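The lines below spell out each chain.
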Amino acid sequence: MRFAIGNAALELIRGNIVEQDVDAIVNAANETLAPGGGVSGAIHRAAGPELADECARIGGCPTGEARITAGYRLKARYVIHTVGPRYSGNPHDAALLASAYRSALMLAASHGLQSIAFPSISTGIYGYPLDQAAPIALATCRDVLLSHPGITLVRFVLFDEETYRAYDQAAQTIGLTPVEA
Ligand code: ADP
């Protein structure tokens, strides 16, 4: 599915984020920036060991913030490592999840990047319920895109059918406008 937001496109696809040919792919990182399981493990394996070396030099990243590195062997020139919250049920979770998306997009904008691909942050090992996380992810991206016209493509690369469906449903719930691909 493809949606128009100002001059930008927001896409939802099923797939593997490491294969995306965009300016930056986003990693669902942890606060240490060390390679983990899930999408982080896949990105580090595809990028090569230099990625973990650069992350170690950065030294960490608080929840809700993001850091940028090179993409090494990936097609993407950059990896933006953003740290979503571990779901706790506390109302603050939503603000931290929105901040993780916003920080990643602001970093892309400040580096002059035009296209960025996200996985579904926090909904794997970090346990954030999909039906709550998906509208936060999409609404935050919509709001940043409207104020940062340099970013022309945000692609959500969703690994399984259940995740894809939750984002598709959330796009309708928040009233995004579908366009022909
Ligand atoms: P978190 O710790 O933020 O919850 P996870 O990596 O555990 O991060 O999961 C986040 C989402 O990324 C999950 O929906 C998971 O299925 C998905 N995922 C795992 N591998 C990939 C991949 N290669 N490309 C895209 N998404 C992936």
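Small disclaimer: the values here were computed from a predicted structure and weren't measured.

### Let's talk about the sheet that holds strand E3 (residues 24-28)
Step number 1: As summarised here, the arrangement of the 8 strands in space is E4-E5-E3-E6-E7-E2-E1-E8, forming an open sheet in which the pairing is mixed. Where the open sheet ends on each side, the last strands, each with one partner, are strand E4 (66-70) and strand E8 (177-179). Adjacent strand axes in the sheet meet at a mean angle of 30°, parallel and antiparallel pairs treated alike.
Step number 2: In this sheet, strand E5 (residues 78-82) lies alongside E4 in antiparallel orientation, the contact comprising 5 bridges. Residue pairing across strands places Thr-69 opposite Val-79, the latter belonging to E5.
Step number 3: Taken strand by strand, helix H2 (residues 49-58) contacts E4 and E5, and its axis lies near 140° from that of E4.

### A look at the environment of Gly-60
Step number 1: In this fold, Gly-60 is placed in the loop between H2 and E4.
Step number 2: Along the backbone, Gly-60 and Asn-30 are 30 residues apart, and their C-alpha atoms lie at a distance of 8.2 Å.
Step number 3: Excluding residues that lie within four positions of it along the chain, Gly-60 makes contacts with Glu-31, Thr-32, Leu-33, Cys-55 and Arg-67.

### Examining unusual backbone geometry
Step number 1: Phi at Tyr-72 is positive, roughly 50°, even though this residue is not glycine.
Step number 2: Locating Tyr-72 in the fold gives a position in the loop between E4 and E5.

### Some words on the environment of Cys-141
Step number 1: Along the chain, Cys-141 turns up in helix H4 (residues 130-147).
Step number 2: Separated by 115 residues in sequence, Cys-141 and Val-26 have C-alpha atoms that sit 13 Å apart.
Step number 3: When sequence neighbours within four positions are dropped, the list of residues in contact with Cys-141 reads Leu-10, Tyr-101, Leu-105, Phe-118, Val-154 and Phe-156.

### A look at the side chain of Thr-163
Step number 1: Among the structural elements, Thr-163 can be located in helix H5 (residues 161-173).
Step number 2: Look at Thr-163 and you get buried, because its relative accessible area is 9%.
Step number 3: Not counting the four nearest positions on each side in its chain, Thr-163 is found in contact with Ser-120, Leu-130 and Leu-158.

### Quick look at H2
Step number 1: Leu-51, Glu-54 and Cys-55 are the residues of H2 that are buried. End-on, the buried residues of H2 take up no more than an arc of 100°, which puts them together on one face. In this structure, H2 carries Pro-49, Ala-56 and Arg-57 as exposed residues pointing more than 90 degrees from its buried face.
Step number 2: Contacts from the buried residues of H2 go to helix H1 (38-47), E4 and E5.
Step number 3: Following H2 by one or two positions, Gly-59 adopts a phi angle in the positive range, close to 95°.

### As for the site of the ligand
Step number 1: In the vicinity of the ligand lie 17 residues, with Asn-16, Val-39, Ser-122, Gly-124 and Ile-125 positioned nearest.
Step number 2: One of the backbone N or O atoms of Ile-17 is found 3.0 Å from a nitrogen atom in the ligand.
Step number 3: The backbone of Ile-125 places a nitrogen or oxygen atom 2.7 Å from an oxygen atom of the ligand.
Step number 4: For the shell around the ligand, the leading source of residues is H1, giving 3 residues.

### What about the pattern of salt bridges?
Step number 1: Taken as a whole and judged by the stated rule, the model has 8 salt bridges.
Step number 2: Between Asp-23 and Arg-77 there is a salt bridge; the shortest N-O distance is 3.7 Å. Highlighted residues: Asp-23 in the loop between strand E2 (8-14) and E3 and Arg-77 in the loop between E4 and E5, separated in sequence by 54 residues.
Step number 3: Each of Arg-2, Glu-11 and Arg-155 takes part in a single network of salt bridges with overlapping partners.

### Concerning the packing of helix H3 (residues 92-110) against H4
Step number 1: Interhelical geometry of H3 versus H4 gives an angle of 40° and a closest axis separation of 9 Å. By the criterion of interaxial angle, the relationship of H3 to H4 is oblique. As for how H3 packs across H4, the hand of that crossing is right-handed. Counting all contacts with H3, which are made through Ala-94, Leu-97, Ala-98, Tyr-101, Arg-102, Leu-105 and Met-106, the residues of H4 involved are Ala-133, Ile-136, Ala-137, Thr-140, Cys-141 and Val-144.

Cut-offs used in this document
Residues numbered from 1 in each chain as written. Predicted model: local features only at pLDDT ≥ 70, side-chain atom pairs only at ≥ 80, totals over all residues. Heavy atoms only, no water. Pairing = 2+ DSSP bridges. Helix = DSSP H or I, 4+ residues; strand = E, 2+ residues; numbered from the N terminus. Axes fitted to C-alpha atoms, helices over the stretch in contact; angles between N-to-C directions. Contact = heavy atoms within 4.5 Å. Buried < 20%, exposed > 50% of the residue type's maximum accessible area, 1.4 Å probe, protein only. Arc of directions from axis to C-beta. Near = heavy atom within 4 Å. Polar contact = N/O pair within 3.5 Å; in protein donor to acceptor, adjacent residues only side chain to side chain. Salt bridge = Lys/Arg side-chain N within 4 Å of Asp/Glu carboxyl O. Parallel < 35°, antiparallel > 145°, perpendicular 65-115°, else oblique. Left-handed = near helix turned anticlockwise from the far one by under 90°.

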